[in-house]
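Inside the fold
Spelled out from the first residue to the last, the chains are:
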Amino acid sequence: MDNDEPLEPETQDEPETEPAPQNSDETLYCEAEASVGVDKDKAARESSETDLEIEDTEKSFTTGQRELYLEACKLMGVVPVSYFLRNMEESYMNLNHHGLGPNGTKAIAIALVNVSDNDLGLKGARIISEFLQRNISSLWNLQLSGNNFRDESAELLCQALSANYQIKTLDLSHNQFSDKGGEYVGQMLALNIGLQSLDLSWNHFHVRGAVALCSGLRVNTTLQKLDLSMNGFGNEGATALGEVLRLNNSLVYLDISCNDITNDGVSKISKGLEVNESLKVLKLFLNPVSMDGAVSLILSLKRNPKSKMEEIDISNVLVSEQFLKILDGVCAIHPQLDVLYKSVQGFSAKKALLQWTNPMKLIQSYADQHKITVLDFFKSLNPKGMMTMPVGDFRKAMIQQDMVPLNLPQVRELIKKLDDKTGMVNFRSVWARRPSDPASAREAPPHPPTPQAPGAELSSRCTLHSMRRPHLHGSSWLHSPGLPSPSHGLPSASASPQPQAACWLQGQTLGTQ
């Protein structure tokens, strides 16, 4: 088909001309603003094969996607699939045995604009850039990692994104951008007012690219999450970032792990943290930072009573007990703060064990004494009385409450058990019974969780033991999607000479008394 030959009207029913069928294992997916749902049965009626399916309940394709698909077909030298064109408005379509082949699949992938690891290169970047400049799509999530994009591609994409305010999330990680690409990104960030999350990890930005990128960040007002890990900023780049933190009040999350930043660079970042009022997460993992750099970081927060910092990741740094004393003083001002470090010098496992008490055991004991459930205790910490709570607010509430005094490592363990991996702790996962309820008596798990004290490796997790119902017909309750029924299959109070009150996390023991 000639590239300039017009495509047959969509309303015609003649069968399309297609290349010979080829195998393709690529999966296609995109995200867009929510729209009116579409009946999935139509696609199922048109084709019964199920080898390759595309399903997205929130996507309604626009004219922009149709045009992008046609342009992509020209680039890849393939005939557009009329079945795909007819069903672009559907939330479900079956593309089995439509002769896509690798190039046909790539053309559809470009149309869906979620084309990570497709090696699109400069030609693909040009098509996507032209599409984005029309600014007529409802697409908000653009995944372009691992596409062998170089600086020329960065120029095209950044030119389009400078005026496109629909895209909220952009992933350009694992590409080949160098310092010149950093300059283009910096220019784009100075103009863009829509982008909220940007991933530039695993590229080749060094000093010049870092400085140029930071120039754009200084005036950007919308970007909240930025991943620059696995580049080569060095101390000069860290100096530029420190200036960004002094001026930028929109960044909430910054990952600069593995950027060859030493104590000198950390000191410049610390200067920015002394006045920053927005950043909540700072990741500095795998940088050659010593305890002196770690101290400068936390002292900068002590000098900034308006800091919102919740997490600093320096989990490759060995600290001292003196550092912990300084950290305790900082946490008195910022109880929402947690610092992840490697371990504590000279802190033996025996000493750690002596200072450790299972936090859930303490909470369960308090609940028993006051005739409440553990769930009641957790809900009392939330001023809104809701079942979920931001991690930072929960950490602050646990440190400040005086019902069950806990230290930071103990609070950290609670968060590990309750965190739903979205920045929230979820109390719905807690299932507890009042001590007066006979069904609350249970056998203790065979082994207690491994203690996690200040001197222990912070990346490790306490062992969680599965609780299994006594075998009934050769099966256990763990196959059920819900929680166990208290009246079926649980050990009775007589099963143990010492009744055990316990709190459970959907089949995982948190602690016993």
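These notes cover the structure that comes with them. Only a predicted model underlies this, so the values are computations on that prediction, with no experimental measurement involved. (Residues numbered from 1 in each chain as written. Predicted model: local features only at pLDDT ≥ 70, side-chain atom pairs only at ≥ 80, totals over all residues. Heavy atoms only, no water.)

**A closer look at the overall build of the protein**
Across its full length, the protein holds 17 helices and 16 strands. When the 513 residues of the protein are sorted by exposure, 52% land in the buried category. For the protein, the computed accessible surface area is about 23600 Å², with 50% contributed by carbon and sulfur atoms. (Helix = DSSP H or I, 4+ residues; strand = E, 2+ residues; numbered from the N terminus. Buried < 20%, exposed > 50% of the residue type's maximum accessible area, 1.4 Å probe, protein only. Areas by Shrake-Rupley, 256 points an atom, 1.4 Å probe, with all protein chains shown as cover.)

**What to know about the pairing of strand β11 (residues 338-344)**
For β11, the tally of buried residues reaches five of seven residues, placing the bulk of the element in the interior. Tracing the backbone out of strand β10 (residues 311-319), into helix α12 (residues 321-333) and back to the parallel element β11 gives a crossover that is right-handed. (Right-handed = clockwise from strand over helix to strand, strands pointing away.)

**Focus on the environment of Lys 106**
Within the secondary structure, Lys 106 is located in helix α4 (residues 101-112). Considering only alpha carbons, one finds Lys 106 and Asp 119, 13 residues apart in sequence, at a separation of 9.6 Å.

**Focus on the environment of Val 295**
Here Val 295 shows up in helix α11 (residues 291-302). In this structure, the C-alpha to C-alpha distance between Val 295 and Phe 323, residues 28 residues apart in sequence, is 6.7 Å. Those residues in contact with Val 295 that lie beyond four places of it in its chain are Phe 323 and Ile 326. (Contact = heavy atoms within 4.5 Å.)

**Some remarks on the side chain of Thr 222**
With respect to the helices and strands, the residue Thr 222 is situated in the loop between α8 (207-219) and β7 (225-227). Residue classification places Thr 222 among the buried positions, given a relative accessible area of 18%. Only 3.0 Å separates the side chain of Thr 222 from the backbone oxygen of Leu 195, close enough to count as a polar contact. (Polar contact = N/O pair within 3.5 Å; in protein donor to acceptor, adjacent residues only side chain to side chain.)

**A few points about helix α6 (residues 151-161)**
Since one α-helical turn is 3.6 residues long, residues separated by three or four positions face the same way. By the criterion of burial, α6 is predominantly enclosed, with eight of the 11 residues buried. Along α6, the residues classified as buried are Asp 151, Ser 153, Ala 154, Leu 156, Leu 157, Cys 158, Ala 160 and Leu 161. At its buried positions, α6 is contacted by α5 (121-134), β5 (169-171) and α7 (179-191).

**Comments concerning the pattern of salt bridges**
Applying the stated rule across the entire model yields nine salt bridges. For Glu 274, the salt bridge identified is with Arg 303, shortest N-O distance 3.1 Å. Here Glu 274, found in the loop between α10 (263-273) and β9 (281-283), pairs with Arg 303, found in the loop between α11 and β10; they are 29 residues apart in sequence, far enough to count as distant. Linking Lys 417 and Glu 413 is a salt bridge whose minimum nitrogen-to-oxygen distance equals 3.3 Å. Of this pair, Lys 417 and Glu 413 both sit in helix α17 (residues 408-418), four residues apart, which is roughly one turn of the helix. Accessibility expressed as a relative area gives 15% for Lys 417, which makes it buried. One network of salt bridges, in which partners are shared, links Lys 180, Glu 183 and Arg 208. (Salt bridge = Lys/Arg side-chain N within 4 Å of Asp/Glu carboxyl O.)

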